[in-house]
Every structure is written in C-alpha cells, then in structure tokens.
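Each chain, letter by letter, is given below.
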Amino acid sequence: MKFAIDILLGAALLLSPAAAQTGGNAISTTTISLGTATPGGGFPLYGNAFAEVMNAADGSLTIAPRNTKGSNENIPLLEKGELDLALVAGEPAYEAFAGIGRAPVRLKILTAIYSNPGMFVVRADSPYKTIRDLVGQPVAFGAKGSGLPILARYLLDGLGLKQDDDFKAVYLDRAGDGPAMVEDGRVAALWGAGIGWPGFAAVASSVSGARFIAPDAEEITRIRAKHAFLKPLTLPAGSYPKQSKPIASLGSWSFVLTREDLPDDVAYRLARTLHGVEATFCKKLAQACETTAANTVAAAPRPELIHPGVMKYYREIGVVK
C-alpha cells in the first residue's frame, strides 16, 4: 500500500501517521509495506528477518511484512502501488523485466537477496535418483503464485520435459504443506531452491531424512543451451542436515523490487541502512549472507534496473563508478 500520508519531510521521505516520542520530541516514522509469500516458505522467513533487522537499525523506519501469494501476485501489487517493496523470484522478475507474456514492468531493484539453485528433495529411502526417475510421479512444485514453479518449468523444458504433462504436478496452497507430503508419500518429491529454504530444511530434519536431486553436468549444459539466463549455482555442503557434499545446479537471484514511483531518497535511505546491517543480517539468517551491495550489482540483469536512489548510494561507497 502507499505510504499512509503523502507528506514530504526533510529529505522528502514519505511518512505514515506513526510517530515515536524521544525526549519529548515527536519523530515521524516511514512505514513501508513489504510483500512476501505464503506462510512456510522462504520469502516470509526472509522478509520477516529483513524487516526486523532494518527496523532495529533505523528507529524512524517501519517495514511491515505482508503475506501474499508470492512473486506472481507481488508484481501486479507493486505496479498498482499497493505494495512499496516486495520479494520476487528471479524467473518471474526476468519475465516481467523482459515483457514475456506481458508488457515490460517499470519496477526497480532495491537489492538482490539470495541465489536460488533449484533441485528436488526426496526421502532418503526413496528409489528415485535422477530427474528422469521422477517422470510420471506426483511432485509438489511449490505454492501457487510463487516463483518456484516457474524455475522448475524452465529447467525441465531445457530437458524436453513439461511439468504438467510429464509429472503429476501438485501446486500448494501453502508452501509449508510440502514437506509433510513428502514424508507421508503423497508426493514423491518436493521442488525448491536455495540455502536455508524451509521446505528443504523440514524434509532434511525429518525422521526419514532427505536426498537431493539436481541436473547432472550434461543436463546443465543442455538446459543452458536453451535458457542461458539460468546461472550455474552451487548449494554449499552443510546447507542442510546430513548434506555432506556441495550440489551443483541452475537457478537465478531473487530480488526485493520497489514500486516504480518509490522516491529516490527513500530508496537511498533503505540501501544505506541495509548496507550498514549486512553483517548483522548474515548472523541472523544464513541465506541473508548473500544480501550485499556487491551481489546486487552483479545479479541485476541490467544496471538501469537498479533504483536510481540505490545507485546514488552505491556510487558514493564505490560499489559502482
């Protein structure tokens, strides 16, 4: 939603009606809405931690996380100005910026948040060893409206597979429902991505344990030949319980996007605050260790997609020239 009161203060920050009292003086706070996704997934986990760290670092900021249906809802909500910021997975962001299946968006990047090597997780005692083994089986591809099914669609398409035709595809109402479905056998596998993803963590911590299935080297080459925007990414060893070896796969970076008309000085202030708490954020959440100014510059599909207010701050600190 837009800031509650459209008033400029000092450096032209948009203000909500909230005010904190310090020493008898009222200090206006900027309330900023942040769209995440359905409960139990990686975006709410990240978004809540993001808000907590940012709000603690700047007492005049109030970032308010809001559960949504995920990336595919967050993009139109940002376009309509019903959200100020939102978490968006790499593939929906790629399609939105490129105008694939729609007009190109004019949203901007506040920060890259983390990389998302995509893969399946199965029970440790499962007979399935490869992606091809899962053909014809029930597979949970993530929550409806989230970016995870889109990543899966591109990856499988590169192998000549279609997730709705070659698998018994299941789309979840809540991201958190997937691990129990793997554990009790309702699905053979759960698709997910990244370090610290709650679905993977839950399966890996279950009584049955977990095994991960990712494309092999030959499959990665085939997929990238068709979808070059997917990046080779590695899940480090130890990212999940009993995962003793790194896992190579493909994926992309997720972002915090802003509405088109987020003022430059607000974006500048957010970028400055976030850069100042990078170490604190990393200690709080493992996947947040990738949320850095340098990674944002490297991950953005094009420099002009980064918000001008953010770029102003990046120039000041020498991350960009």
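Residues numbered from 1 in each chain as written. Predicted model: local features only at pLDDT ≥ 70, side-chain atom pairs only at ≥ 80, totals over all residues. Heavy atoms only, no water.

Under an unreviewed UniProt entry, the name given to the protein is TAXI family TRAP transporter solute-binding subunit, and the organism recorded is Bradyrhizobium zhengyangense.

Enquirer: Give me the lowdown on unusual backbone geometry, citing residues and values where you can.
Expert: Phi is positive for Lys242, which is not a glycine, with a value near 65°. A residue is classified by how much of its surface remains accessible, and Lys242, at 86% relative accessible area, is exposed. (Buried < 20%, exposed > 50% of the residue type's maximum accessible area, 1.4 Å probe, protein only.)

Enquirer: Outline the state of the cysteines, listing residues and values.
Expert: As enumerated under the stated definition, the model contains 1 disulfide in all. Each disulfide pairs two cysteine sulfurs, and for Cys282 the partner residue is Cys289, the sulfurs being separated by 1.9 Å. Because the sign of the S-S torsion sets the handedness, a value of about 80° for the bond joining Cys282 and Cys289 places this disulfide among the right-handed ones. (Disulfide = S-S within 2.5 Å.)

Enquirer: Give me the packing of aromatic side chains: which residues, what numbers.
Expert: In this structure the tally under the stated criterion is 17 aromatic pairs. A centroid spacing of 6.2 Å and a plane angle of 55° characterise the contact between Phe50 and Phe281, whose relative ring orientation is tilted. One end of the pair, Phe50, is in helix H1 (residues 42–57); the other, Phe281, is in helix H9 (residues 278–284), with 231 residues separating them in the sequence. Per residue, the accessibility class of Phe50 equals that of Phe281, and both read buried. Summarising the aromatic geometry, the rings of Tyr94 and Phe229 are spaced 3.9 Å apart at their centres and angled 10° between planes, so their arrangement reads as stacked. Taken as a pair, Tyr94 in helix H3 (residues 90–98) and Phe229 in the loop between helix H7 (217–226) and strand S13 (231–235) lie far apart in primary sequence, 135 residues in all. Relative accessible area serves as the criterion here: at 18%, Phe229 is assigned to the buried category. Over the ring of Tyr154 we find Arg153; its NZ or CZ atom is 5.1 Å from the centre of that ring. Over the ring of Tyr268 we find Lys312, and its NZ or CZ is 5.4 Å from the ring centre. (Phe/Tyr/Trp six-rings, centres within 6.5 Å; stacked < 30°, edge-to-face > 60°. Helix = DSSP H or I, 4+ residues; strand = E, 2+ residues; numbered from the N terminus. Lys NZ or Arg CZ within 6 Å of the ring centre and 35° of its normal.)

Enquirer: Explain the pairing of strand S11 (residues 189–193) to me, and be specific about the residues and the numbers.
Expert: For S11, the tally of buried residues reaches 5 of 5 residues, placing the bulk of the element in the interior. Residues Ala189, Trp191 and Ala193 line one face of S11 and the alternating positions Leu190 and Gly192 line the opposite face, and both faces are buried. Sheet topology note: the strand S8 (residues 108–123)/S11 ladder contains 4 bridges and is antiparallel. Bridge pairing links Phe120 to Trp191 in S11. In this sheet, S11 lies alongside strand S9 (residues 138–143) in parallel orientation, the contact comprising 2 bridges. (Pairing = 2+ DSSP bridges.)

Enquirer: Account for the environment of Ala175, naming residues and giving values.
Expert: Note on placement: Ala175 falls in the loop between strand S10 (168–172) and helix H5 (178–183). By relative accessible area, Ala175 is classed as buried at 12%. Here the alpha-carbon distance between Ala175 and Gly40, two residues 135 residues apart in the chain, equals 5.3 Å. When near neighbours in sequence (up to four residues on either side) are disregarded, Ala175 contacts Thr38, Pro39, Gly40, Gly41 and Ala143. (Contact = heavy atoms within 4.5 Å.)

Enquirer: So what's going on with the packing of H3 against helix H4 (residues 148–157)? Which residues, and what values?
Expert: Put simply, H3 and H4 touch, their axes get as near as 7 Å, and they point 80° apart. Comparing the axis directions of H3 and H4 gives the class roughly perpendicular. Each of Glu91, Pro92, Tyr94 and Glu95 in H3 lies in contact with H4, whose residues at this interface are Ile150, Leu151, Arg153 and Tyr154. (Axes fitted to C-alpha atoms, helices over the stretch in contact; angles between N-to-C directions. Parallel < 35°, antiparallel > 145°, perpendicular 65-115°, else oblique.)

Enquirer: Would you mind going over the pattern of salt bridges in detail, with residue names and values included?
Expert: Applying the stated criterion across every chain yields a total of 15 salt bridges. Measuring nitrogen to oxygen at the nearest pair gives 3.1 Å for the salt bridge that ties Glu52 to Lys284. Of this pair, Glu52 sits in helix H1 while Lys284 sits in helix H9; the two residues are 232 residues apart in sequence, bridging distant segments of the chain. The partly exposed category is assigned to Glu52, whose relative accessible area is 48%. In this structure, the salt-bridge partner of Lys80 is Glu82, at a minimum N-O distance of 4.0 Å. A residue is classified by how much of its surface remains accessible, and Glu82, at 33% relative accessible area, is partly exposed. Connected through salt bridges with shared partners, the residues Asp84, Arg259 and Asp261 form a single ionic network. (Salt bridge = Lys/Arg side-chain N within 4 Å of Asp/Glu carboxyl O.)

Enquirer: Tell me what's going on with the side chain of Ser254, and back it up with residues and numbers.
Expert: With respect to the helices, strands and loops of the structure, Ser254 is situated in strand S14 (residues 247–258). Setting aside anything within four residues of it in sequence, one finds Ser254 in contact with Phe43, Val88, Ala89, Gly90, Thr111, Ala112, Ile113, Tyr114 and Asn116.

Enquirer: Outline the environment of Leu161, listing residues and values.
Expert: Relative to the assigned elements, Leu161 resides in the loop between H4 and S10. Classification of Leu161 by relative accessible area gives buried; the value is 5%. When the C-alpha atoms of Leu161 and Arg132 are compared, they prove to be 9.1 Å apart, with 29 residues separating the residues in sequence. If we ignore the near neighbours within four places in the chain, the residues touching Leu161 are Ile131, Arg132, Val135, Leu156, Asp166 and Phe167.

Enquirer: Give me the lowdown on the packing of H1 against helix H8 (residues 264–276), citing residues and values where you can.
Expert: Any two packed helices are characterised by how steeply their axes cross, that is the angle between the axes, and by the distance between the axes. The geometry of H1 relative to H8 is characterised by a closest axis approach of 10 Å and an angle of 100° between their N-to-C directions. It follows from the interaxial angle that H1 and H8 lie roughly perpendicular. Where H1 abuts H8, its residues Phe50, Met54 and Ala57 lie against Leu270, Thr273 and Leu274. Counted by class, the contact of H1 with H8 contains 5 nonpolar, 1 polar and no charged residues. (Nonpolar A, V, L, I, M, F, W, Y, C, P; charged D, E, K, R; others polar.)

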